[in-house]
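Geometric and topological summary
Here's the letter readout for the chains.
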Amino acid sequence: GIDGLSVVVHPANDWCDSLTVEQLKAIWEKGSEITTWNQIDPSWPSDPIELYGSDAASGTYDYFQEVILGKDAAGEKIAFRNGYNPNDKDSELVEGVANTPGALGYFGYAF
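A short tour of the structure in this document, coming up. (Residues numbered from 1 in each chain as written. Predicted model: local features only at pLDDT ≥ 70, side-chain atom pairs only at ≥ 80, totals over all residues. Heavy atoms only, no water.)

Points about the nonpolar core
What counts here: Within this scheme, the nonpolar core is defined by two criteria: the residues are buried Ala, Val, Leu, Ile, Met, Phe, Trp, Tyr or Cys, and they are joined through side-chain atoms within 4.5 Å. Partly exposed residues are those whose accessible area sits between 20% and 50% of the maximum for their type, while under 20% is buried and over 50% is exposed, using a 1.4 Å probe and protein chains only. Where helices and strands are cited, they refer to DSSP runs of H or I of at least four residues and of E of at least two residues respectively, numbered from the N terminus.
Counting residues in hydrophobic clusters, the biggest one holds 19 residues, and the most contacted among them are Trp28 and Phe80. Listing elements by their share of this core, those giving two or more residues are helix H1 (21-28), helix H2 (59-69) and strand E4 (103-108). Counting residues per element, this core draws most heavily on H2, at four residues. Grouped together as the second largest cluster of nonpolar side chains are five residues, Leu93, Val97, Ala103 and Phe107 included.

Topic: the pairing of strand E2 (residues 50-54)
In plain terms, the rule: Two strands pair if DSSP finds at least two bridges between them. Convention used here: a crossover is right-handed provided that the path from the first strand, over the helix, to the second strand proceeds clockwise when the strands point away from the viewer.
Burial of E2 is extensive: four of the five residues sit out of reach of the surface. Direction of pairing for E2 relative to E4: parallel, over a ladder of three bridges. By the bridge assignment for E4, Tyr52 is matched with Gly105. Where E2 lies against strand E3 (residues 85-87), three bridges are found, and the strand directions are parallel. Its bridge partner being in E3, Tyr52 is matched across the sheet by Asn85. Once the chain exits E2 it traverses H2 before rejoining the sheet at E3, and the crossover so formed is right-handed.

Points about the sheet that holds strand E1 (residues 5-9)
For clarity, the threshold we go by: Axis lines are fitted to C-alpha atoms, over the contacting stretch for helices. Their N-to-C directions set the angle, which ranges from 0 to 180 degrees. Any two residues whose heavy atoms approach within 4.5 Å at even a single point are treated as in contact.
Taken together, the four strands give an open sheet; going across it, the order is E1-E4-E2-E3, and neighbouring strands pair in mixed fashion. Unpaired on one side and paired on the other, E1 and E3 mark the two borders of the sheet. On average, adjacent strands in this sheet sit at an angle of 15° to one another, irrespective of strand direction. Here E1 pairs with E4 via five bridges, running antiparallel. Across the sheet, the residue bridging to Ser6 is Phe107, located in E4. On top of the sheet, H2 reaches E1, E2 and E4; it is set at about 110° to E4, its chief contact. Here helix H3 (residues 90-98) sits on the sheet and contacts E1, E2, E3 and E4; the angle it forms with E4, its principal contact strand, is near 160°.

The structure is reproduced here in structure tokens:
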């Protein structure tokens, strides 16, 4: 492989050291009602989650959708939730996560 996917949190986040694919799907899929960290794990704080990720023109978006969100029972790709901060520039995504307490984001590892 020549690239991978990075899932990152704000630097001050000292409670989330890993997330499962199932948790990521629950956070990012269309219709998700997860808005705070403690909805993922009750031992985590009730801080709001601010999401950052690639926009629909990106291959990283397509990969995340395929591997993390997957397909529904009819074989259709599961859509992304509304209300996240999409961007086509990894540098903007990194800056968004780095400057937003409670942030969670993804982008290409090569960046």
